[in-house]
Amino acid sequence: MNHAIRGLYFAAAASTALMVGACAVTDSRPTVPAMSDPDRAGLVIEISLKPPLSVFGNAPLDTVYFAKIDNADGPLQEHVIPSSFIRNGRAYLLNVEPGTYVAVAGSYQAEKSPLLFSPNNLFSPSLYITYFSAQLVNATRTSIPAGSVVFAGTYSAKTSVGLDGADAMQDHYKDIIRENSKGTGLSPKATYRGSLMESNNDDSGHARFVQEAKKDLAGTQWASRIR
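Looking at this model, I keep getting lost on the pattern of salt bridges. Mind explaining?
Pairing is possible between side chains of opposite charge, provided their charged atoms come close. The tally for this structure, following the rule as stated, stands at seven salt bridges. Between Arg90 and Glu212 there is a salt bridge, with its nearest N and O atoms 3.8 Å apart. Linking Arg90 in strand β5 (residues 90–96) with Glu212 in helix α4 (residues 203–216), this pair joins segments that are 122 residues apart in sequence. The shortest N-O distance in the salt bridge between Asp216 and Arg90 comes to 2.7 Å.

Below is the structure:
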């Protein structure tokens, strides 16, 4: 099998795995973390990932990784913070310090391989992770005042299999997330590049966010902090 055909099979297999995983995702109500301090802050972001073969639906996400910009390194930070939970495509980051944050990657964990075959016996991996391009990362940049929950916008990203052609942002967070995941048994086994397709942070999007977030955070102290 030549390299071109093998690459096509791998892309199709990866997309099929993501699509099957998407169908298996349940949306049970998440446990919202209690507010640890009145000055703690939060944000919510919507990011949809389009698999390499566009005939399939959006890939699922169960974690979005963020970085806090707190020094001259800008978005190239040495630590990432996983989202608190995701509900209906909205990723929440709660109980963080006020400041400026960016979204740098997203992942989905599949319990079992949904594939019946794969080139060279490479079965579907258990963890799919997409590293966001510099353009996408910078677009998500959001400042959060103390005691607030802020909408960071809605984004759509196209994914490409592997990290060949990755930009400096993707290379950087590939190493950071790999280092942070050591010893957890969840080191990335399938990697993708995510590039920005569309973004929306207008008034109508914000109004919808306020309405939906109040439902997601109902009964908690966070509900009254939404801005």
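Back to the text.
Just to check I follow, could you spell out the side chain of Thr159 for this structure?
Relative to the assigned elements, Thr159 resides in strand β9 (residues 149–161). What makes Thr159 buried here is its relative accessible area of 4%. Polar contacts involving the side chain of Thr159 include one to the main-chain carbonyl oxygen of Lys50, which spans 2.7 Å.

Honestly, unusual backbone geometry in this entry has me stumped. Any pointers?
The general pattern is negative phi for most residues beyond glycine and trans for most peptide bonds. At Asn88, a residue that is not glycine, the phi angle is positive and equals roughly 50°. Locating Asn88 in the fold gives a position in the loop between β4 (85–87) and β5. A relative accessible area of 46% means that Asn88 is categorised as partly exposed. Positioned with a positive phi, Asn95 is a non-glycine residue whose angle comes to about 65°. Residue position: Asn95 is located in strand β5. Overall, Asn95 belongs to the buried group, its relative accessible area being 18%.

Reading guide: rules and limits
- Residues numbered from 1 in each chain as written.
- Predicted model: local features only at pLDDT ≥ 70, side-chain atom pairs only at ≥ 80, totals over all residues.
- Heavy atoms only, no water.
- Salt bridge = Lys/Arg side-chain N within 4 Å of Asp/Glu carboxyl O.
- Helix = DSSP H or I, 4+ residues; strand = E, 2+ residues; numbered from the N terminus.
- Buried < 20%, exposed > 50% of the residue type's maximum accessible area, 1.4 Å probe, protein only.
- Polar contact = N/O pair within 3.5 Å; in protein donor to acceptor, adjacent residues only side chain to side chain.

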